[in-house]
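A look at the structure
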Amino acid sequence: MALLKVKFNQKKRVKLAQGLWLMNWFSVFAGILVFSMGLFLKIELRKRSEVMDNSESHFVPNSLILMGILSCAFNGFAGKICYDSLDPAKFAKWKPLLKPYLALCFVFNILIFFVALICFLTRSSLDSTLAQGLKNGMKFYRDTDTPGRCFMKKTIDMLQIEFKCCGNNGYKDWFEIQWISNRYLDFSSKEVKDRIKSNVDGRYLVDGVPFSCCNPSSPRPCIQYQVTNNSAHYSYDYQTEELNLWRRGCREALLNYYSGMMSSMGAVTLLVWLFEMSVMVGLRLLHTSLESISNPEDPECESEGWVLENNLKDTFKSALENLKKLGKFNQVEAGAEGAEGEEGGKTPAITTVS
């Protein structure tokens, strides 16, 4: 028994073709939207590529861009088919191509569904990418005189100001690295010498943070240095008082920003997938309803359209059998070629009679 079997007359076939033509052009605009989302996400990721460990995060925008281009191509082609289906003479040239085209549409819809899922599932990989990238970026914060790294201080400062964050996981991350360049340290000072000697790696570590960690909304002037020294500031206790530094780490801030963006794009892509599926089903109904016309010379006669000629179980069995036959056919061909090679390789024996 056919799946989603529908009876059509000429009027219904014309309405279906016209409706599909319109839906295909809406799908072209949806493809442009998906392409634009991918392009926007790629630009946003490139803006902060210096604080990302690798380029794996670009898989999502690249996939969205590709799906957008394919959507425009597939739906533009389908729109032409639907327009020509109103004229039996024009539609005749598309008949041999419809089955392969519908198979490609099916594969395309699987891919676009996969891309939509990836948009929701990339949070963990993005988390590790940002964690390592920010850690490396903070290490290079002081290298303002090193070619290739001199921009890192500005990048980190602008990032902390824009996203209202501090450090990788929090402001205490700055206590574990030397973020002040040796160029600005007085090595004749006893305090500087003692700090460097007290560290195994010879680094100048302080319980301070860059200015970009300061919260301008705080009524108290920013306590940027000696953050953990209560005696250095009047009426201050860093363990109980709400610090006037950003409490959130930049990894969390960026992760929420990008994952929220990707989730929204995933939801839009999922809606586009549903729309594409409805277009593919409609095109299949149009294809079968035109093929099943009993009298091609009478376009006004009734016909039947269906999505699958048999039910899902029978269709699956038939597909498996076809794959098995194809495999056996390839084996037979390979065996025949081997036999021919052996026969061709034999040298006929020549006997001489003296």
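Look above for the structure.
The notes below deal with the structure included here. Every chain's residues receive numbers from 1 upward, in the order its sequence appears when written. Predicted model: local features are reported for residues with pLDDT of at least 70 only, side-chain atom pairs are reported and counted for 80 or more only, and whole-chain, interface and lining totals are derived from all residues. Each side-chain value is worked out from all heavy atoms of the structure, with water and hydrogens disregarded.

A look at the overall build of the protein
Selection rule: Where helices and strands are cited, they refer to DSSP runs of H or I of at least four residues and of E of at least two residues respectively, numbered from the N terminus. The buried label goes to any residue with under 20% of its type's maximum accessible area, the exposed label to any with over 50%, and the partly exposed label to all in between, with areas taken from a 1.4 Å probe on protein chains only. In this analysis, two residues are considered to be in contact whenever any of their non-hydrogen atoms come within 4.5 Å of each other.
Helix and strand counts for the protein come out as 9 helices and 2 strands. When the helices and strands of the protein are listed from N to C terminus, the series reads β-α-α-α-α-α-α-α-α-β-α. Within the span of the protein, comprising 354 residues, buried residues form 39% of the whole. Within the protein, counting contacts between residues at least 6 apart in sequence, those at least 24 apart form 72% of the total.

Side note on helix α4 (residues 95-121)
Since the α-helix advances by 3.6 residues per turn, residues separated by three or four positions end up pointing in the same direction. Defined as follows: To estimate how far a helix should reach, multiply one less than its number of residues by 1.5 Å.
The terminal C-alpha atoms of α4 lie 40 Å apart, and with 27 residues this matches the ideal 39 Å at 1.5 Å per residue to within 8%. Listed as buried for α4 are Leu98, Tyr101, Leu102, Cys105, Phe108, Asn109, Ile112, Val115, Ala116, Ile118 and Cys119.

Some thoughts on the environment of Pro210
Tracing the backbone through its elements, the reader meets Pro210 in the loop between α7 (190-197) and α8 (250-291). Pro210 gets classed as buried once you look at its relative accessible area, which sits at 1%. Between the C-alpha atoms of Pro210 and Gly167, which are 43 residues apart in sequence, the distance is 9.4 Å. In this structure, Pro210 is in contact with Tyr141, Asp157, Gln160, Trp174, Trp179 and Gln224, ignoring residues within four places of it in sequence.

Side note on unusual backbone geometry
A positive phi angle, close to 55°, is found at Lys164, a residue other than glycine. Tracing the chain through its elements places Lys164 in the loop between α6 (152-163) and α7. Residue class for Lys164 comes out partly exposed when judged on its relative accessible area of 49%. Not every positive phi belongs to a glycine, and Gln226 is a case in point at roughly 50°. Secondary-structure assignment places Gln226 in the loop between α7 and α8. Overall, Gln226 belongs to the partly exposed group, its relative accessible area being 37%.

Here's the deal with empty space enclosed by the protein
Gaps between atoms show up when a probe of the same size as a water molecule is rolled over them. To keep things clear, this is the line we draw: Note on definitions: the grid is 1 Å and covers protein atoms alone; a cavity is a set of points where a 1.4 Å probe fits but cannot get out; a pocket is an open set with protein on both sides within 12 Å along at least five of seven lines; lining residues have an atom within 4 Å of a point. Grid points are joined across faces, edges and corners, and a volume is the space filled by probe spheres set on the points. Lys, Arg, Asp and Glu make up the charged group, whereas Ala, Val, Leu, Ile, Met, Phe, Trp, Tyr, Cys and Pro make up the nonpolar group; the residues left over, Gly among them, are polar.
Enumeration over the complete set of coordinates arrives at 1 cavity of 30 Å³ or more. Within this model, the largest cavity holds a volume of roughly 80 Å³. Around the largest cavity, the lining residues are Asn24, Phe74, Asn75, Ala78, Tyr101, Cys105, Phe108, Asn109, Glu276, Val279, Met280 and Leu283. Partitioned by chemical class, the residues of the lining of the largest cavity number 8 nonpolar, 3 polar and 1 charged.

Here we look at the packing of aromatic side chains
For clarity, the threshold we go by: Note on aromatic contacts: the rings of Phe and Tyr and the six-membered ring of Trp form a pair at centre separations within 6.5 Å, being stacked when their planes are under 30 degrees apart, edge-to-face when over 60 apart, and tilted otherwise.
Applying the stated criterion to the full structure yields 11 aromatic pairs. On the basis of an interplanar angle of 75° and a centroid distance of 5.9 Å, the ring pair of Tyr171 and Phe175 is categorised as edge-to-face. Each residue in the set Phe74, Phe77, Tyr101 and Phe108 is aromatic and connected to the rest through ring pairs, giving one cluster.

Description of the pattern of salt bridges
For clarity, the cut-off: Criterion for a salt bridge: a side-chain nitrogen of Lys or Arg within 4 Å of a carboxyl oxygen of Asp or Glu.
Scanning all chains against the criterion turns up 10 salt bridges. With its nearest N and O atoms 2.7 Å apart, the salt bridge here joins Arg183 to Asp145. With Arg183 in the loop between α6 and α7 and Asp145 in the loop between α5 (123-139) and α6, the pair connects residues that are 38 residues apart, well separated along the chain. A salt bridge links Lys153 to Asp157; the nearest nitrogen and oxygen atoms lie 2.9 Å apart. Of this pair, Lys153 and Asp157 both sit in helix α6, 4 residues apart, roughly one helical turn. Within this structure, Glu44, Lys47, Arg48 and Glu162 form a network of salt bridges that share partners.

What about the packing of α4 against α8?
The test is simple: Helix axes are fitted only over the stretch in contact, all axes being lines through C-alpha atoms; the angle between N-to-C directions runs from 0 to 180 degrees. In what follows, roughly perpendicular refers to angles from 65 to 115 degrees, roughly parallel to angles under 35, roughly antiparallel to angles over 145, and oblique to any angle outside these ranges. Each helix crossing is assigned a hand: it is left-handed if the near helix lies turned anticlockwise from the far helix by less than a right angle, otherwise right-handed if that turn is clockwise.
Axis separation between α4 and α8 bottoms out at 9 Å; the angle between their running directions is 165°. Looking at the two axes, α4 sits roughly antiparallel to α8. For the pair α4 and α8, the crossing hand works out as left-handed. Among the residues forming the contact of α4 with α8, the class breakdown is 20 nonpolar, 5 polar and 4 charged.

What to know about the nonpolar core
Soluble globular proteins: nonpolar side chains tend toward being buried together. Definition in use: Among buried residues, the Ala, Val, Leu, Ile, Met, Phe, Trp, Tyr and Cys ones that are joined through side-chain atoms within 4.5 Å form a nonpolar core. Domain start and stop points were drawn from an automatic or database domain assignment.
Membership of the largest hydrophobic core comes to 77 residues, with the highest contact counts inside it found for Leu41, Tyr171, Trp174, Val209, Leu254 and Leu286. Sorting the residues of this core by element identifies α1 (10-47), α2 (59-84), α4, α5, α6, α7 and α8 as the ones contributing at least two each. For this core, the domains that each give at least three residues are domain 1 (3-137 + 252-309) and domain 2 (189-247). Those residues in contact with Leu41 that sit more than four places away from it in its chain are Val60, Pro61, Tyr258, Met261, Met262 and Met265.

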